Amino acid sequence: MEERQYDLIFICRPDTPEEEINKLVATLEHAATERGGKVEKTEKWGTRKLAYRVSKHREGFYVYLVLRSTQGEMIKELERRLKVADPVIKYMTVRLDEEIKRQQKLVQKRERRAARRPRKPAGTGEQAAAAS
Amino acid sequence: MADEENPQAPPPAPETPAPEAVPAPQAVPATSHQGPPRRREGGPPGRRMGGPGGRREGGPGAGPRRGKRQFFRKKKVCKFCVERVDYIDYKKPEVLQTFVQDRGKILPRRITGTCARHQRWLGVALRRARNIALLPFATEL
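Description of the structure in this document. Keep in mind that this is a model prediction, so the values were computed, not measured.

Observations regarding the overall build of chain B
Line of reasoning, step 1. Of the regular secondary structure elements, chain B holds 10 helices and 0 strands.
Line of reasoning, step 2. Helices and strands in chain B line up, N terminus first, as α-α-α-α-α-α-α-α-α-α.
Line of reasoning, step 3. Looking at chain B residue by residue over its 141 residues, the buried ones come to 23%.
Line of reasoning, step 4. Across chain B, every contact between residues at least 6 apart in sequence was considered, and the portion connecting residues at least 24 apart equals 54%.
Line of reasoning, step 5. For chain B, the exposed surface amounts to about 10,800 Å²; the carbon and sulfur share of it is 56%.

Notes on the packing of helix 1 (residues 18-34) of chain A against helix 2 (residues 73-84) of chain A
Helix-helix packing: each pair is described by the crossing angle between the helix axes and the interaxial distance.
Residue and element names in this part refer to chain A.
Line of reasoning, step 1. Contact geometry of helix 1 with helix 2 gives a least axis separation of 9 Å together with a crossing angle of 155°. Viewed along their axes, helix 1 and helix 2 adopt a mutual orientation that is roughly antiparallel. Note that helix 1 runs across helix 2; the crossing there is right-handed. Touching Thr27, Leu28, Ala31 and Ala32 of helix 1 are Met74, Leu78, Arg81 and Leu82, all from helix 2.
Line of reasoning, step 2. Taken together, the residues of the contact of helix 1 with helix 2 break down into 6 nonpolar, 1 polar and 1 charged.

Describing the pattern of salt bridges
Residue and element names in this part refer to chain A.
Line of reasoning, step 1. As enumerated under the stated definition, the model contains 15 salt bridges over all chains in all.
Line of reasoning, step 2. A salt bridge links Glu2 to Lys101, with the nearest nitrogen and oxygen atoms 3.9 Å apart. Note that Glu2 is positioned in the segment before strand 1 (4-12) and Lys101 in helix 3 (residues 97-116), a separation of 99 residues in sequence.
Line of reasoning, step 3. Among the residues examined, Lys101 registers a relative accessible area of 46% and is labelled partly exposed.
Line of reasoning, step 4. With its nearest N and O atoms 3.3 Å apart, the salt bridge here joins Glu40 to Arg68. Of this pair, Glu40 sits in strand 2 (residues 37-54) while Arg68 sits in strand 3 (residues 57-69), and the two are 28 residues apart along the sequence.
Line of reasoning, step 5. The network of salt bridges with common partners includes Glu3, Lys38, Glu40 and Arg68.

Considering helix 10 (residues 116-131) of chain B
Line of reasoning, step 1. Across its 16 residues, helix 10 of chain B extends 23 Å between first and last C-alpha, which sits within 8% of the 22 Å expected from 1.5 Å per residue.
Line of reasoning, step 2. Within the sequence span of helix 10 of chain B, burial applies to His118, Gln119, Trp121, Leu122, Gly123, Ala125, Leu126, Arg128, Ala129 and Arg130 of chain B.
Line of reasoning, step 3. Buried positions along helix 10 of chain B lie against strand 2, strand 4 (88-95) and helix 3 of chain A together with helix 7 (79-82), helix 8 (93-97) and helix 9 (109-112) of chain B.
Line of reasoning, step 4. Immediately beyond the C-terminal end of helix 10 of chain B, within one or two residues, lies Ala133 of chain B, with a positive phi of roughly 65°.

Observations concerning the layout of surface pockets
Line of reasoning, step 1. Taken as a whole, the largest pocket encloses approximately 300 Å³ of empty space.
Line of reasoning, step 2. What lines the largest pocket is a set of 14 residues, among which Arg110 and Arg113 of chain A together with Arg84, Asp86 and Arg117 of chain B lie closest to the centre.
Line of reasoning, step 3. Looking at the lining of the largest pocket, the elements that each hand over two or more residues are helix 3 of chain A together with helix 7 and helix 10 of chain B.
Line of reasoning, step 4. Looking at the lining of the largest pocket residue by residue, the classes come out as 6 nonpolar, 1 polar and 7 charged.

Some words on the environment of Arg103 of chain B
Line of reasoning, step 1. Mapped onto the fold, Arg103 of chain B is located in the loop between helix 8 and helix 9.
Line of reasoning, step 2. Considered as a pair, Arg103 of chain B and Thr139 of chain B are 36 residues apart in the sequence and their alpha carbons are 5.0 Å apart.

Comments concerning the sheet that holds strand 2 of chain A
All names here are of chain A.
Line of reasoning, step 1. Pairing is antiparallel in the open sheet, where 4 strands are placed in the order 2-3-1-4. A single partner strand is all that each edge strand has here, and the edge strands are strand 2 and strand 4. Each strand of the sheet is rotated relative to its neighbour by a mean of 20°, with strand direction disregarded.
Line of reasoning, step 2. As paired strands, strand 1 and strand 4 are joined by 7 bridges and run antiparallel to one another.

Observations regarding the nonpolar core
Line of reasoning, step 1. Tyr62 of chain A together with Ile88 and Leu96 of chain B are the most contacted members of the largest nonpolar core, which totals 30 residues.
Line of reasoning, step 2. Contributing elements (two or more residues each) for this core: strand 1, strand 2, strand 3 and strand 4 of chain A together with helix 10 of chain B.
Line of reasoning, step 3. Sort the elements by how many residues they give to this core and helix 10 of chain B lands first, with 5 residues.
Line of reasoning, step 4. Grouped together as the second largest cluster of nonpolar side chains are 20 residues, Tyr6, Leu28, Leu78 and Val88 of chain A included.

Topic: the packing of aromatic side chains
All names here are of chain A.
Line of reasoning, step 1. Counted according to the given criterion, the structure contains 4 aromatic pairs over all chains.
Line of reasoning, step 2. Centroid distance Trp45 to Tyr62: 5.8 Å. Interplanar angle 20°. Geometry classified as stacked. Taken together, the residues Trp45 in strand 2 and Tyr62 in strand 3 connect sequence positions 17 residues apart.
Line of reasoning, step 3. Trp45 gets classed as partly exposed once you look at its relative accessible area, which sits at 22%.

How each quantity is defined
Residues numbered from 1 in each chain as written. Chains lettered and ligands numbered in written order. Predicted model: local features only at pLDDT ≥ 70, side-chain atom pairs only at ≥ 80, totals over all residues. Heavy atoms only, no water. Helix = DSSP H or I, 4+ residues; strand = E, 2+ residues; numbered from the N terminus. Buried < 20%, exposed > 50% of the residue type's maximum accessible area, 1.4 Å probe, protein only. Contact = heavy atoms within 4.5 Å. Areas by Shrake-Rupley, 256 points an atom, 1.4 Å probe, with all protein chains shown as cover. Axes fitted to C-alpha atoms, helices over the stretch in contact; angles between N-to-C directions. Parallel < 35°, antiparallel > 145°, perpendicular 65-115°, else oblique. Left-handed = near helix turned anticlockwise from the far one by under 90°. Nonpolar A, V, L, I, M, F, W, Y, C, P; charged D, E, K, R; others polar. Salt bridge = Lys/Arg side-chain N within 4 Å of Asp/Glu carboxyl O. Expected span 1.5 Å × (residues − 1). 1 Å grid on protein atoms, 1.4 Å probe; cavity = no way out; pocket = protein on both sides within 12 Å on 5 of 7 lines; lining within 4 Å. Points joined across faces, edges and corners; volume = space filled by probe spheres on them. Pairing = 2+ DSSP bridges. Core = buried A, V, L, I, M, F, W, Y, C linked by side-chain atoms within 4.5 Å. Phe/Tyr/Trp six-rings, centres within 6.5 Å; stacked < 30°, edge-to-face > 60°.

Dropping the structure here:
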């Protein structure tokens, strides 16, 4: 299986102490690397207002991870851990590699077109001559 | 021989379009009598009155064309196309918020002017943002 990229976001209760969140993040990272994954980025967004109530909380502590892995099992394990973890009230994983691929394709296309445009008058003539 | 052919060729080209353009408008009002023009004038206003659907949305005197058509609509442009966006990030609720109604509904394309492709991406991003409580499914009262 080729390598896939994932976004993993989870929300902790706002009253959990910072150390506990750090510990949780550390265990998650460890579990990810153990299963052949890589942690590209870890961000703590801090306490934010939630758009709606989640298990009776109106605020939550957001943690954001970017992961890469060839093993789908890794995500399964991480989600299991998040489900079990006490301070976590919500989590979400999104697979992003296909969208990134699409994005790169579009960028390449645009660059190619931008590169072609200035040469167009001369290029078309040459092409026509070559074709004939 | 060559001298005669050359001068002949250029003059017809400019002459032919000019006479056609000039007499044509003259001929129509001159030859047509009072009868037909009246009917023509009477017809269009009635049809215009019959179809006010176009006018309603355009508003009065919008756009640079004042005289002929009152219901000229300003063309909406996709914001994402203007900024050349290749990926709509679901992690930026501030951006997504502008494409949502007050109560949290996704605004349709006909109102925001987003192109089909970007609206599709936008919908995905909005739904993801909702899932992780960055945007509301429905605003609470």
